[in-house]
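Observations on the three-dimensional arrangement
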Amino acid sequence: MVIKAREKNKPAKGQTGKRGVWESIVLEVRKRWQLYLMLVLPIAWLITFAYVPMAGAVIAFKDFSIRRGIWGSDWVGLRHFKNFFMTRDFGLLIRNTLAVSLYSLVVSFPMPILLALAINELSGRHYKKIVQMVTYLPYFISTVVLVGIMQNIFSVRTGLINNVITLFGGTATDFMGKPGLFRSMYVWSGVWQGMGYSAVIYIAALASVDPSLTEAAIIDGASRFKRVWYVDLPTILPTIVIQLIMAMGSVMSVGFEKIYLLQNPVNLELSEIISTFVYKRGLVNFQYSYATAVGLFNSVCNLILIVLANMFAKKVNETSLW
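Fair warning: this is a prediction, and the values are worked out from it, not measured in the lab.

Rules behind the numbers
- Residues numbered from 1 in each chain as written.
- Predicted model: local features only at pLDDT ≥ 70, side-chain atom pairs only at ≥ 80, totals over all residues.
- Heavy atoms only, no water.
- Helix = DSSP H or I, 4+ residues; strand = E, 2+ residues; numbered from the N terminus.
- Rg over C-alpha atoms; globule rule 2.2 N^0.38 Å.
- Contact = heavy atoms within 4.5 Å.
- Areas by Shrake-Rupley, 256 points an atom, 1.4 Å probe, with all protein chains shown as cover.
- Lys, Arg positive; Asp, Glu negative; His and termini not counted.
- Charge placed at Lys NZ, Arg CZ, Asp CG, Glu CD.
- Axes fitted to C-alpha atoms, helices over the stretch in contact; angles between N-to-C directions.
- Parallel < 35°, antiparallel > 145°, perpendicular 65-115°, else oblique.
- Left-handed = near helix turned anticlockwise from the far one by under 90°.
- Nonpolar A, V, L, I, M, F, W, Y, C, P; charged D, E, K, R; others polar.
- Salt bridge = Lys/Arg side-chain N within 4 Å of Asp/Glu carboxyl O.
- Buried < 20%, exposed > 50% of the residue type's maximum accessible area, 1.4 Å probe, protein only.
- Phe/Tyr/Trp six-rings, centres within 6.5 Å; stacked < 30°, edge-to-face > 60°.
- Lys NZ or Arg CZ within 6 Å of the ring centre and 35° of its normal.
- Arc of directions from axis to C-beta.
- Core = buried A, V, L, I, M, F, W, Y, C linked by side-chain atoms within 4.5 Å.
- pLDDT = per-residue confidence, 0-100.
- Pairing = 2+ DSSP bridges.
- Polar contact = N/O pair within 3.5 Å; in protein donor to acceptor, adjacent residues only side chain to side chain.

Secondary structure summary: the protein contains 17 helices and two strands in total. Against the globule reference of 20 Å for 322 residues, the protein gives a C-alpha radius of gyration of 27 Å, more extended than a compact globule. By principal-axis analysis of the C-alpha atoms, the protein measures approximately 105 × 75 × 40 Å. Contacts in the protein between residues at least 24 apart in sequence constitute 63% of all its contacts with a sequence separation of at least 6. Surface summary for the protein: the accessible area is close to 21000 Å², and the carbon and sulfur share equals 68%. Both charge centroids of the protein, one from 31 positive and one from 16 negative side chains, sit 7 Å from each other.

Here you go:
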(Lines give C-alpha, C1' and ligand atoms only; values in the text may rest on other atoms or scores of the structure.)
Protein backbone atom coordinates (compact mmCIF):
# COMPACT_ATOMS: atom_id res chain seq x y z
CA MET A 1 0.00 0.00 0.00
CA VAL A 2 2.81 2.41 0.87
CA ILE A 3 4.61 1.67 -2.40
CA LYS A 4 1.40 2.20 -4.40
CA ALA A 5 0.79 5.51 -2.64
CA ARG A 6 4.30 6.69 -3.43
CA GLU A 7 3.93 5.67 -7.07
CA LYS A 8 0.59 7.47 -7.22
CA ASN A 9 2.02 10.73 -5.85
CA LYS A 10 5.16 10.50 -7.99
CA PRO A 11 5.08 13.06 -10.85
CA ALA A 12 5.31 12.01 -14.46
CA LYS A 13 8.69 11.63 -16.13
CA GLY A 14 8.31 14.72 -18.36
CA GLN A 15 7.14 16.87 -15.45
CA THR A 16 10.13 15.76 -13.38
CA GLY A 17 12.50 16.71 -16.19
CA LYS A 18 10.98 20.17 -16.66
CA ARG A 19 10.89 20.80 -12.92
CA GLY A 20 14.52 19.70 -12.63
CA VAL A 21 15.59 22.03 -15.41
CA TRP A 22 13.82 25.03 -13.87
CA GLU A 23 15.20 24.20 -10.43
CA SER A 24 18.74 24.01 -11.82
CA ILE A 25 18.26 27.38 -13.58
CA VAL A 26 16.98 29.01 -10.39
CA LEU A 27 19.88 27.57 -8.39
CA GLU A 28 22.36 28.79 -11.01
CA VAL A 29 20.89 32.31 -10.95
CA ARG A 30 20.92 32.42 -7.14
CA LYS A 31 24.48 31.17 -7.04
CA ARG A 32 25.83 33.77 -9.47
CA TRP A 33 23.23 36.52 -9.27
CA GLN A 34 25.86 39.28 -9.44
CA LEU A 35 26.99 38.14 -12.88
CA TYR A 36 23.43 37.88 -14.18
CA LEU A 37 22.65 41.30 -12.76
CA MET A 38 25.52 42.72 -14.81
CA LEU A 39 23.92 41.24 -17.93
CA VAL A 40 20.66 43.17 -17.45
CA LEU A 41 21.86 46.45 -19.00
CA PRO A 42 23.63 44.90 -22.03
CA ILE A 43 20.61 42.70 -22.78
CA ALA A 44 18.25 45.66 -22.37
CA TRP A 45 20.43 47.71 -24.73
CA LEU A 46 20.52 44.87 -27.26
CA ILE A 47 16.75 44.43 -27.20
CA THR A 48 16.05 48.17 -27.36
CA PHE A 49 18.48 49.16 -30.09
CA ALA A 50 18.94 45.93 -32.07
CA TYR A 51 15.71 43.94 -31.98
CA VAL A 52 12.93 46.48 -31.43
CA PRO A 53 14.00 48.61 -34.46
CA MET A 54 13.63 45.52 -36.65
CA ALA A 55 9.90 46.21 -36.74
CA GLY A 56 10.68 49.42 -38.62
CA ALA A 57 12.03 47.38 -41.56
CA VAL A 58 8.45 47.15 -42.79
CA ILE A 59 8.94 50.72 -44.08
CA ALA A 60 10.83 49.17 -47.01
CA PHE A 61 7.53 47.69 -48.23
CA LYS A 62 5.46 50.85 -47.71
CA ASP A 63 5.19 54.38 -49.05
CA PHE A 64 6.15 55.84 -45.70
CA SER A 65 4.53 59.06 -44.59
CA ILE A 66 5.50 60.82 -41.35
CA ARG A 67 1.93 62.04 -40.93
CA ARG A 68 0.40 58.57 -41.26
CA GLY A 69 3.14 56.71 -39.41
CA ILE A 70 4.63 53.30 -40.10
CA TRP A 71 1.45 51.26 -39.84
CA GLY A 72 -0.82 53.82 -41.49
CA SER A 73 1.29 54.25 -44.63
CA ASP A 74 0.24 52.62 -47.90
CA TRP A 75 1.63 49.19 -48.73
CA VAL A 76 3.62 49.11 -52.00
CA GLY A 77 5.26 45.69 -51.78
CA LEU A 78 8.59 45.31 -53.60
CA ARG A 79 8.38 48.57 -55.57
CA HIS A 80 11.36 50.22 -53.85
CA PHE A 81 13.52 47.13 -54.33
CA LYS A 82 12.66 47.01 -58.04
CA ASN A 83 13.47 50.69 -58.43
CA PHE A 84 16.84 50.16 -56.79
CA PHE A 85 17.71 47.11 -58.91
CA MET A 86 16.79 48.88 -62.17
CA THR A 87 18.74 52.10 -61.58
CA ARG A 88 22.30 52.86 -62.60
CA ASP A 89 23.19 53.26 -58.92
CA PHE A 90 22.76 49.54 -58.25
CA GLY A 91 25.77 48.32 -60.22
CA LEU A 92 27.92 51.25 -59.12
CA LEU A 93 27.13 50.79 -55.42
CA ILE A 94 27.65 47.02 -55.45
CA ARG A 95 30.94 47.36 -57.33
CA ASN A 96 32.31 50.10 -55.07
CA THR A 97 31.15 48.42 -51.85
CA LEU A 98 32.66 45.05 -52.77
CA ALA A 99 35.90 46.64 -54.02
CA VAL A 100 36.48 48.58 -50.81
CA SER A 101 35.32 45.77 -48.54
CA LEU A 102 37.30 42.95 -50.17
CA TYR A 103 40.40 45.13 -50.41
CA SER A 104 40.05 45.91 -46.73
CA LEU A 105 39.44 42.24 -45.86
CA VAL A 106 42.48 40.98 -47.78
CA VAL A 107 44.79 43.58 -46.25
CA SER A 108 43.32 44.17 -42.80
CA PHE A 109 42.55 40.59 -41.77
CA PRO A 110 46.08 39.07 -41.76
CA MET A 111 47.78 42.16 -40.32
CA PRO A 112 46.58 41.68 -36.70
CA ILE A 113 47.60 38.03 -36.87
CA LEU A 114 51.12 38.93 -37.99
CA LEU A 115 51.34 41.64 -35.33
CA ALA A 116 50.18 39.25 -32.59
CA LEU A 117 52.72 36.64 -33.66
CA ALA A 118 55.48 39.26 -33.72
CA ILE A 119 54.58 40.61 -30.27
CA ASN A 120 54.38 37.07 -28.91
CA GLU A 121 57.95 36.42 -30.08
CA LEU A 122 59.37 39.44 -28.23
CA SER A 123 61.52 38.36 -25.29
CA GLY A 124 61.39 41.38 -23.00
CA ARG A 125 58.14 41.48 -21.00
CA HIS A 126 58.11 45.25 -20.51
CA TYR A 127 59.15 45.90 -24.10
CA LYS A 128 56.33 43.64 -25.26
CA LYS A 129 53.81 45.65 -23.22
CA ILE A 130 55.12 48.94 -24.62
CA VAL A 131 54.86 47.71 -28.22
CA GLN A 132 51.36 46.40 -27.62
CA MET A 133 50.27 49.70 -26.05
CA VAL A 134 51.76 51.81 -28.87
CA THR A 135 50.03 49.75 -31.56
CA TYR A 136 46.78 49.77 -29.57
CA LEU A 137 46.56 53.55 -29.04
CA PRO A 138 45.48 54.60 -32.59
CA TYR A 139 42.21 52.74 -32.08
CA PHE A 140 41.06 55.45 -29.65
CA ILE A 141 41.40 58.20 -32.27
CA SER A 142 37.97 59.20 -33.50
CA THR A 143 37.15 58.92 -37.19
CA VAL A 144 36.81 62.68 -37.60
CA VAL A 145 40.22 63.28 -36.03
CA LEU A 146 41.78 60.52 -38.17
CA VAL A 147 40.47 62.06 -41.38
CA GLY A 148 41.73 65.47 -40.21
CA ILE A 149 45.19 63.98 -39.63
CA MET A 150 45.13 62.43 -43.10
CA GLN A 151 44.15 65.73 -44.70
CA ASN A 152 46.97 67.52 -42.90
CA ILE A 153 49.58 64.89 -43.78
CA PHE A 154 48.59 64.63 -47.45
CA SER A 155 47.81 68.31 -48.02
CA VAL A 156 49.24 69.72 -51.25
CA ARG A 157 50.70 72.86 -49.69
CA THR A 158 51.42 72.09 -46.05
CA GLY A 159 51.31 68.29 -45.93
CA LEU A 160 54.27 66.37 -44.52
CA ILE A 161 54.43 63.96 -47.46
CA ASN A 162 54.45 66.68 -50.09
CA ASN A 163 57.02 68.69 -48.13
CA VAL A 164 59.36 65.69 -48.20
CA ILE A 165 58.68 65.17 -51.92
CA THR A 166 59.38 68.80 -52.80
CA LEU A 167 62.46 68.79 -50.55
CA PHE A 168 64.04 66.17 -52.78
CA GLY A 169 63.08 68.02 -55.96
CA GLY A 170 59.77 66.28 -56.69
CA THR A 171 56.38 67.74 -57.55
CA ALA A 172 53.63 68.02 -54.96
CA THR A 173 50.72 65.63 -55.51
CA ASP A 174 47.10 66.03 -54.48
CA PHE A 175 46.71 62.62 -52.86
CA MET A 176 43.24 63.36 -51.48
CA GLY A 177 42.03 64.46 -54.91
CA LYS A 178 43.20 61.41 -56.87
CA PRO A 179 40.31 58.93 -57.29
CA GLY A 180 42.70 56.03 -57.84
CA LEU A 181 44.27 56.50 -54.40
CA PHE A 182 41.00 56.69 -52.48
CA ARG A 183 40.63 52.99 -51.68
CA SER A 184 44.25 52.54 -50.69
CA MET A 185 44.14 55.55 -48.37
CA TYR A 186 40.93 54.29 -46.78
CA VAL A 187 42.18 50.73 -46.28
CA TRP A 188 45.72 51.42 -45.07
CA SER A 189 44.62 54.15 -42.67
CA GLY A 190 42.18 51.61 -41.24
CA VAL A 191 44.99 49.06 -40.90
CA TRP A 192 47.08 51.57 -38.95
CA GLN A 193 44.18 52.48 -36.69
CA GLY A 194 42.69 49.07 -35.95
CA MET A 195 45.56 46.60 -36.27
CA GLY A 196 46.65 46.82 -32.63
CA TYR A 197 43.13 46.52 -31.29
CA SER A 198 42.30 43.53 -33.47
CA ALA A 199 45.53 41.80 -32.44
CA VAL A 200 44.43 41.62 -28.79
CA ILE A 201 42.22 38.58 -29.33
CA TYR A 202 45.04 36.72 -31.11
CA ILE A 203 47.52 37.62 -28.38
CA ALA A 204 45.07 36.18 -25.85
CA ALA A 205 44.71 33.03 -27.97
CA LEU A 206 48.51 32.65 -28.17
CA ALA A 207 48.61 32.54 -24.38
CA SER A 208 47.02 29.08 -24.61
CA VAL A 209 49.93 27.62 -26.58
CA ASP A 210 51.30 24.58 -24.74
CA PRO A 211 54.87 25.45 -23.57
CA SER A 212 55.87 21.80 -23.83
CA LEU A 213 55.23 21.86 -27.59
CA THR A 214 57.44 24.93 -27.98
CA GLU A 215 60.18 23.33 -25.88
CA ALA A 216 59.97 20.12 -27.89
CA ALA A 217 60.25 22.10 -31.13
CA ILE A 218 63.34 23.92 -29.82
CA ILE A 219 64.95 20.61 -28.81
CA ASP A 220 64.24 19.22 -32.29
CA GLY A 221 66.08 22.19 -33.79
CA ALA A 222 63.07 24.01 -35.24
CA SER A 223 63.75 27.61 -36.21
CA ARG A 224 61.63 30.48 -34.91
CA PHE A 225 59.66 30.61 -38.15
CA LYS A 226 58.92 26.88 -38.01
CA ARG A 227 57.83 27.14 -34.37
CA VAL A 228 55.38 29.87 -35.34
CA TRP A 229 54.16 27.91 -38.36
CA TYR A 230 53.77 24.47 -36.74
CA VAL A 231 52.99 25.37 -33.11
CA ASP A 232 51.54 28.87 -32.76
CA LEU A 233 49.38 29.07 -35.88
CA PRO A 234 47.60 25.69 -35.41
CA THR A 235 46.75 26.73 -31.83
CA ILE A 236 45.06 30.00 -32.85
CA LEU A 237 43.55 28.58 -36.08
CA PRO A 238 40.02 28.18 -34.58
CA THR A 239 40.12 31.83 -33.48
CA ILE A 240 41.24 32.89 -36.96
CA VAL A 241 38.40 30.93 -38.57
CA ILE A 242 35.77 32.45 -36.26
CA GLN A 243 37.08 35.95 -36.91
CA LEU A 244 37.08 35.31 -40.65
CA ILE A 245 33.47 34.12 -40.58
CA MET A 246 32.43 37.24 -38.70
CA ALA A 247 34.39 39.40 -41.15
CA MET A 248 32.60 37.76 -44.07
CA GLY A 249 29.31 38.68 -42.45
CA SER A 250 30.15 42.37 -42.78
CA VAL A 251 31.54 42.38 -46.32
CA MET A 252 28.67 44.54 -47.54
CA SER A 253 28.71 46.79 -44.46
CA VAL A 254 31.60 49.14 -45.07
CA GLY A 255 31.93 51.81 -42.39
CA PHE A 256 29.97 54.95 -43.21
CA GLU A 257 31.78 57.70 -41.28
CA LYS A 258 35.26 57.62 -42.79
CA ILE A 259 34.04 56.97 -46.32
CA TYR A 260 31.67 59.94 -46.09
CA LEU A 261 34.33 62.23 -44.65
CA LEU A 262 36.85 61.26 -47.34
CA GLN A 263 34.37 61.79 -50.15
CA ASN A 264 34.71 64.72 -52.51
CA PRO A 265 33.30 65.51 -55.98
CA VAL A 266 36.45 64.12 -57.62
CA ASN A 267 36.42 60.63 -56.10
CA LEU A 268 32.64 60.24 -55.77
CA GLU A 269 32.51 57.74 -58.65
CA LEU A 270 34.68 55.34 -56.62
CA SER A 271 33.71 56.30 -53.06
CA GLU A 272 29.93 56.12 -53.26
CA ILE A 273 28.92 52.92 -51.41
CA ILE A 274 25.67 51.53 -50.06
CA SER A 275 25.93 53.07 -46.58
CA THR A 276 26.60 56.60 -47.90
CA PHE A 277 23.87 56.17 -50.50
CA VAL A 278 21.36 55.17 -47.79
CA TYR A 279 22.33 58.21 -45.71
CA LYS A 280 21.92 60.64 -48.59
CA ARG A 281 18.64 59.20 -49.80
CA GLY A 282 17.14 58.67 -46.36
CA LEU A 283 18.26 61.59 -44.21
CA VAL A 284 19.18 64.20 -46.82
CA ASN A 285 16.51 63.60 -49.48
CA PHE A 286 13.89 62.23 -47.03
CA GLN A 287 13.24 59.09 -49.11
CA TYR A 288 12.82 56.93 -46.03
CA SER A 289 11.19 53.90 -47.65
CA TYR A 290 13.65 53.73 -50.53
CA ALA A 291 16.65 54.06 -48.19
CA THR A 292 15.23 51.40 -45.87
CA ALA A 293 14.77 49.02 -48.80
CA VAL A 294 18.40 49.48 -49.83
CA GLY A 295 19.59 48.98 -46.25
CA LEU A 296 17.45 45.86 -45.86
CA PHE A 297 18.89 44.44 -49.09
CA ASN A 298 22.36 45.09 -47.71
CA SER A 299 21.55 43.31 -44.43
CA VAL A 300 20.12 40.28 -46.24
CA CYS A 301 23.30 40.02 -48.34
CA ASN A 302 25.41 40.06 -45.17
CA LEU A 303 23.22 37.37 -43.60
CA ILE A 304 23.62 35.13 -46.65
CA LEU A 305 27.39 35.66 -46.69
CA ILE A 306 27.88 34.80 -43.02
CA VAL A 307 25.72 31.67 -43.35
CA LEU A 308 27.66 30.49 -46.41
CA ALA A 309 31.00 31.26 -44.75
CA ASN A 310 29.94 29.36 -41.64
CA MET A 311 28.82 26.35 -43.68
CA PHE A 312 32.08 26.31 -45.65
CA ALA A 313 34.23 26.62 -42.52
CA LYS A 314 32.28 23.86 -40.77
CA LYS A 315 32.70 21.54 -43.73
CA VAL A 316 36.40 22.23 -44.28
CA ASN A 317 37.78 22.85 -40.79
CA GLU A 318 34.99 21.71 -38.43
CA THR A 319 35.15 25.13 -36.72
CA SER A 320 32.10 27.35 -36.96
CA LEU A 321 29.88 29.80 -35.11
CA TRP A 322 27.02 27.32 -34.86
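With that settled, consider the packing of helix α7 (residues 110-121) against helix α8 (residues 125-136). Contact geometry for α7 and α8: axes closest at 9 Å, N-to-C directions at 160°. As the angle between them shows, α7 and α8 are arranged roughly antiparallel. Regarding α7 and α8, the two cross each other, and that crossing is right-handed. Every residue of α8 that contacts α7 at Leu115, Ile119 and Asn120 is listed here: Lys128, Val131, Gln132 and Thr135. Looking at the contact of α7 with α8, its residues break down into three nonpolar, three polar and one charged.

Take the pattern of salt bridges next. Enumeration according to the criterion identifies six salt bridges in this entry. Here Arg68 ties to Asp74 by a salt bridge, and the two come within 2.8 Å at their closest N and O atoms. Overall, the relative accessible area of 41% leaves Arg68 in the partly exposed class. Its relative accessible area of 41% is what places Asp74 among the partly exposed residues.

What follows is about the packing of aromatic side chains. Geometry of an aromatic ring pair is reported as the spacing of the ring centres plus the angle between the planes. Tallying each qualifying case throughout the model produces 24 aromatic pairs. Relative to Phe90, the ring of Phe84 has its centre 5.2 Å away and its plane inclined at 85°; by these criteria the two rings are edge-to-face. Accessibility expressed as a relative area gives 24% for Phe90, which makes it partly exposed. Between the aromatic rings of Phe84 and Phe277, the centroid separation amounts to 6.2 Å while the plane-to-plane angle is 35°, which identifies the pairing as tilted. You can see Phe84 sitting in helix α5 (residues 79-86) and its partner Phe277 sitting in helix α16 (residues 274-284), a full 193 residues away along the chain. The class of Phe84 is buried, set by a relative accessible area of 1%. Members of the aromatic cluster, joined through ring pairs, are Phe84, Phe85, Phe90, Phe277, Tyr290 and Phe297. Positioned over the ring face of Tyr186 is Lys258, at 4.6 Å from the centre of the ring.

So, on to helix α9 (residues 143-153). Listed in full, the buried residues belonging to α9 are Leu146, Val147 and Met150. Each buried residue of α9 lies within a common arc of 95° when the element is viewed along its axis, so the set occupies one face. Residues of α9 that are exposed and angled more than 90 degrees away from the buried face: Val144 and Asn152. Buried-residue contacts for α9 involve α11 (182-206) and α14 (256-262).

For Phe286, the position within the fold is in the loop between α16 and α17 (288-316). Residues Phe286 and Arg67, spaced 219 residues apart in sequence, show a C-alpha to C-alpha distance of 13 Å.

For the rest of this paragraph, the subject is the nonpolar core. Ranked by internal contacts, the top residues of the largest apolar core, which has 20 residues, are Ile113, Leu117, Ile236 and Ile240. Of all elements in the fold, only α7, α11 and α13 (224-248) reach the threshold of two or more residues within this core. In terms of residue count, the dominant contributor to this core is α13 (six residues). If near-sequence neighbours (up to four positions away) are discounted, Ile236 is found in contact with Ile113, Leu117, Tyr202, Ala205 and Leu206. Counting residues in each nonpolar core, the second largest holds 16 residues, with Val100, Met176, Val254 and Leu262 among its members.

Here Gly170 shows up in the loop between α10 (160-167) and α11. For the pair Gly170 and Leu93, spaced 77 residues apart in the sequence, the C-alpha separation amounts to 36 Å.

Once that is clear, we can look at the confidence of the model for the protein. Summary statistics for the protein give a mean pLDDT of 86 and a share of 94% for residues scoring 70 or more. Under a pLDDT of 50 for its full length, residues 1-8 has, in the predicted model, zero contacts with residues more than four places off or in other chains.

A few words on the pairing of strand β1 (residues 62-65). Two elements, β1 and strand β2 (residues 69-75), share three bridges in a ladder whose sense is antiparallel. Paired with Ser65 across the two strands is Gly69, which belongs to β2. Here β1 folds back onto β2 in antiparallel fashion, the turn holding three residues.

Turning to the side chain of His80, a few remarks are in order. Take His80: it is sitting in helix α5. The exposure class of His80 is buried, given its relative accessible area of 7%. For His80, the side chain forms a polar contact with the main-chain oxygen of Lys62, separated by 3.0 Å.

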